[in-house]
Amino acid sequence: MSGTKNFVSLGMFIIDEFAFLDAAGKPTGRILPPQEQFPLPHLQTLIGGGGTYATIGARIWLPASETGMIVDKGVDFPQEIDDVLKSYGEDMWLFRNRLGAGTTTRALNRYTGDQRGFQYLTPRVRITPRDLTGTPLFRPATLHFICSPTRAAVIMSEVAEVEGWTPLTIYEPIPVRCIPEELPALRDVLPLISVLSPNAEEALGLLSIPLPPTKSSIELACQTFLGFGVGSGGNGWVIIRSGSMGAYIASRARPGAWIEAYWATEQSVVDVTGAGNSFLGGLAAGLTLTNGDVFEAAFHATVSASYTIEQLGLPQITRASTDVRNEEWNGDSPWGRLQELKARTAP
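Keep in mind that this is a model prediction, so the values were computed, not measured.

Peer 1: Pulling in residues and values, what's your account of the overall build of the protein chain?
Peer 2: A tally of helices and strands in the protein chain yields nine helices and 15 strands. Its C-alpha atoms give the protein chain a radius of gyration of 19 Å, within 12% of the compact-globule value 20 Å for 347 residues. Overall size of the protein chain, expressed as C-alpha extent along the three principal axes, is 50 × 50 × 45 Å. Counting across all 347 residues of the protein chain, residues that qualify as buried make up 53%. Taking the intrachain contacts of the protein chain between residues at least 6 apart in sequence as the baseline, contacts between residues at least 24 apart amount to 70%. A total of about 15100 Å² of accessible surface is found on the protein chain, and carbon and sulfur atoms cover 52% of it. A gap of 3 Å separates the mean positions of the 27 positive and 35 negative side-chain charges of the protein chain.

See the structure below:
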């Protein structure tokens, strides 16, 4: 028996806070610009978390009833954020009240000049496949997770505990664990993963390939991961997300190919936070809509990322509809962007 969700992310929901400092570590006085999508502009707060961005990336293409994630609500969970999340569709969110367990997971994004630092302000609440048991999120067709290779192995062991559940799995390595010391653990878990998707810097970091990334070094990294054996029988996929260069996609059975980024110039890029997460949510949705064609699904993924980088914070539904094909996000049609991107990359 399968669940009703096509996509579920095990990533966390986070309330992001921001601080802007000069080289001496003193506040610069800079604040986030007031925009409608900021639930609490006076607190300089944004909705964040890799799971949140991935789930919205899938929601761009799928009804709310087919996507989902767990949101742990602490005693400090703002009603304004609750309202914003529900505007995407109440069916998406499994809210768990942690009123006696503390605050909502929060993190500080500290900008010192051009350098971004990130730190959790509260203890993290990790989500595992066991948390889905007995909920509407149980046994989704596609499962997305962001973690270290060691935790990925634990997650896959919990998936195996559910009889008859064989989801397509999209594994996004956590950046701080993309170091050579983690490579043995990654190689151990790769046969259990359907899609491995680090970004370019993370892929090269795991394999001790010098930075900065180039198309040739990214292609080398992709072939190296495939050589280790991704997926059952080595039939999985590697997708290396490469920012303005696009994304490189390959399997053992199909030669590698580049999908260009939707935005060809930086003029439309406001903030890349969450772009990789939303890319993978879009990929999962695309796999549902294209009967598992990873190359075709990558176009959906690229469009999802394009909506995320246009502004600070999450993209917004600007025209709602009971038919997702008639919805608009950020004032534009995802399906229109999809056709435009395909036309640009046609031979």
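Read on, since the account is not over.
Peer 1: Explain the sheet that holds strand S12 (residues 247–251) residue by residue, including any values.
Peer 2: The strand order across the open sheet built from nine strands is S5-S4-S1-S8-S9-S10-S11-S12-S13, with neighbouring strands paired in mixed fashion. Each having just a single partner strand, strand S5 (93–97) and strand S13 (257–259) make up the two edges of the open sheet. Pairing geometry for strand S9 (residues 168–173) and strand S10 (residues 195–196), over two bridges, is parallel. When the sheet's bridge partners are listed, Ile-170 is paired in S10 with Val-195. Relative to strand S8 (residues 142–147), helix H3 (residues 149–160) is tilted by about 150 degrees, and along the sheet it contacts S8 and S9.

Peer 1: Quick rundown of the packing of helix H7 (residues 275–289) against helix H8 (residues 294–308)? Include the residues and the values.
Peer 2: Where H7 meets H8, the axes come as close as 7 Å, and the angle between the chain directions of the two elements is 140 degrees. In terms of orientation, H7 and H8 fall into the oblique class. The handedness of the crossing between H7 and H8 is right-handed. Note on element contacts: H8 touches H7 through Val-294, Ala-297, Ala-298, His-300, Ala-301, Thr-302, Ser-304, Ala-305 and Thr-308, opposite Ala-275, Ser-278, Phe-279, Gly-282, Leu-283, Gly-286, Leu-287 and Leu-289. Of the residues belonging to the contact of H7 with H8, the class tally is ten nonpolar, seven polar and no charged.

Peer 1: An account of the pattern of salt bridges is requested, with residue identities and associated values reported.
Peer 2: Within the structure shown, the criterion is met by 17 salt bridges. The shortest N-O distance in the salt bridge between Lys-86 and Asp-82 comes to 3.0 Å. Here Lys-86 and its partner Asp-82 are both found in helix H2 (residues 79–86), four residues apart, which amounts to about one turn of the helix. A residue is classified by how much of its surface remains accessible, and Asp-82, at 3% relative accessible area, is buried. Salt bridges linked by common partners bring Glu-17, Asp-76 and Arg-106 together as one network.

Peer 1: I'd like a rundown of the environment of Met-69, residues and numbers included.
Peer 2: Within the fold, Met-69 resides in strand S4 (residues 67–73). Taking C-alpha positions, Met-69 is 5.5 Å from Val-8, a pair spaced 61 residues apart along the chain. Apart from residues no more than four positions distant in its own chain, Met-69 is found in contact with Ser-9, Gly-11, Met-12, Phe-13, Gly-51, Thr-52, Thr-55, Met-92, Trp-93, Leu-94 and Leu-137.

Peer 1: Run through the packing of H8 against helix H9 (residues 334–345), naming residues and quoting values.
Peer 2: In the contact formed by H8 and H9, the axes pass within 9 Å of each other and the chain directions differ by 120 degrees. With respect to their mutual orientation, H8 and H9 come out oblique. Considering the relative orientation of H8 and H9, their crossing is right-handed. On H9, the residues that touch Glu-296, Phe-299, His-300, Thr-302, Val-303, Ser-306 and Tyr-307 of H8 are Pro-334, Trp-335, Arg-337, Leu-338, Leu-341, Lys-342 and Thr-345. Residue composition of the contact of H8 with H9, by class: seven nonpolar, four polar and three charged.

Peer 1: Explain the packing of aromatic side chains to me, and be specific about the residues and the numbers.
Peer 2: Counting across every chain of the model gives ten aromatic pairs. With centroids separated by 5.0 Å and ring planes inclined at 90 degrees, the aromatic side chains of Trp-61 and Trp-335 adopt a geometry described as edge-to-face. You can see Trp-61 sitting in the loop between helix H1 (50–59) and S4 and its partner Trp-335 sitting in helix H9, a full 274 residues away along the chain. Looking at Trp-61, the relative accessible area reads 1%, which means it is buried. Under the relative-accessibility criterion, Trp-335 is labelled buried at 12%. Centroid distance Phe-118 to Tyr-120: 5.2 Å. Interplanar angle 85 degrees. Geometry classified as edge-to-face. Residue placement shows Arg-325 over the ring face of Trp-335; its charged tip is 3.8 Å from the ring centre. When the ring centre of Tyr-307 is taken as reference, the NZ or CZ atom of Arg-337 above it lies at 3.8 Å.

Basis of the calculations
Residues numbered from 1 in each chain as written. Predicted model: local features only at pLDDT ≥ 70, side-chain atom pairs only at ≥ 80, totals over all residues. Heavy atoms only, no water. Helix = DSSP H or I, 4+ residues; strand = E, 2+ residues; numbered from the N terminus. Rg over C-alpha atoms; globule rule 2.2 N^0.38 Å. Buried < 20%, exposed > 50% of the residue type's maximum accessible area, 1.4 Å probe, protein only. Contact = heavy atoms within 4.5 Å. Areas by Shrake-Rupley, 256 points an atom, 1.4 Å probe, with all protein chains shown as cover. Lys, Arg positive; Asp, Glu negative; His and termini not counted. Charge placed at Lys NZ, Arg CZ, Asp CG, Glu CD. Pairing = 2+ DSSP bridges. Axes fitted to C-alpha atoms, helices over the stretch in contact; angles between N-to-C directions. Parallel < 35°, antiparallel > 145°, perpendicular 65-115°, else oblique. Left-handed = near helix turned anticlockwise from the far one by under 90°. Nonpolar A, V, L, I, M, F, W, Y, C, P; charged D, E, K, R; others polar. Salt bridge = Lys/Arg side-chain N within 4 Å of Asp/Glu carboxyl O. Phe/Tyr/Trp six-rings, centres within 6.5 Å; stacked < 30°, edge-to-face > 60°. Lys NZ or Arg CZ within 6 Å of the ring centre and 35° of its normal.

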